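# Coordinate inspection notes
Letter by letter, the chains look like this.
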Amino acid sequence: MEALRKYRMGWPEIQELLGISRATYYRWRKRLKEEGLAGLKPRSRRPLWGPYPK
């Protein structure tokens, strides 16, 4: 993705080529920076707790 930006591709072209949103790009970029390649593994969206008792 960074390579595409260096070649001055616009966001709409990159999004269409890779099939991701700008928000996804920045989320992946942050995870890669903070956690390395392990940060790019798919994550569960399941809540840690719940359902809460009434």
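From a predicted model like this one, the values you see are computed outputs, not experimental measurements.

## Things to note about the overall build of the protein chain
Each helix and strand in the protein chain was counted, giving three helices and zero strands. The order of helices and strands in the protein chain, counted from the N terminus, is α-α-α. Residues classed as buried in the protein chain amount to 15% of the 54 residues present. Summing over all exposed atoms, the protein chain offers an accessible surface of approximately 5400 Å²; the carbon and sulfur share of this is 56%.

## What about a nonpolar patch on the surface?
On the surface, a cluster of nonpolar side chains totalling about 390 Å² of accessible area is made up of Trp28, Leu32, Leu37 and Leu40. Examined against the element boundaries, tryptophan 28 turns out to sit in helix α3 (residues 22-35). Take tryptophan 28: its relative accessible area is 35%, and that puts it in the partly exposed class.

## Looking at the pattern of salt bridges
Evaluation of the coordinates by the stated rule reveals one salt bridge. Between glutamate 35 and arginine 43 there is a salt bridge, with the nearest N and O atoms lying 2.7 Å from each other. The partly exposed category is assigned to glutamate 35, whose relative accessible area is 40%. A relative accessible area of 43% means that arginine 43 is categorised as partly exposed.

## Quick look at the confidence of the model for the protein chain
Taken as a whole, the protein chain shows an average pLDDT of 80; of its residues, 85% reach a score of 70 or greater. Per-element confidence in the protein chain is highest for α3, whose mean pLDDT is 87, and lowest for helix α1 (residues 2-6), whose mean pLDDT is 69.

## What to know about the packing of aromatic side chains
Taken as a whole, this structure holds one aromatic pair when the rule is applied. Geometrically, the ring pair formed by tyrosine 25 and tyrosine 26 is edge-to-face, given 4.9 Å between the ring centres and 70° between the ring planes.

Conventions and cut-offs
Residues numbered from 1 in each chain as written. Predicted model: local features only at pLDDT ≥ 70, side-chain atom pairs only at ≥ 80, totals over all residues. Heavy atoms only, no water. Helix = DSSP H or I, 4+ residues; strand = E, 2+ residues; numbered from the N terminus. Buried < 20%, exposed > 50% of the residue type's maximum accessible area, 1.4 Å probe, protein only. Areas by Shrake-Rupley, 256 points an atom, 1.4 Å probe, with all protein chains shown as cover. Patch = residues over 30% accessible without salt bridge, like charges linked within 9 Å, V, L, I, M, F, W, Y side chains within 5 Å. Salt bridge = Lys/Arg side-chain N within 4 Å of Asp/Glu carboxyl O. pLDDT = per-residue confidence, 0-100. Phe/Tyr/Trp six-rings, centres within 6.5 Å; stacked < 30°, edge-to-face > 60°.

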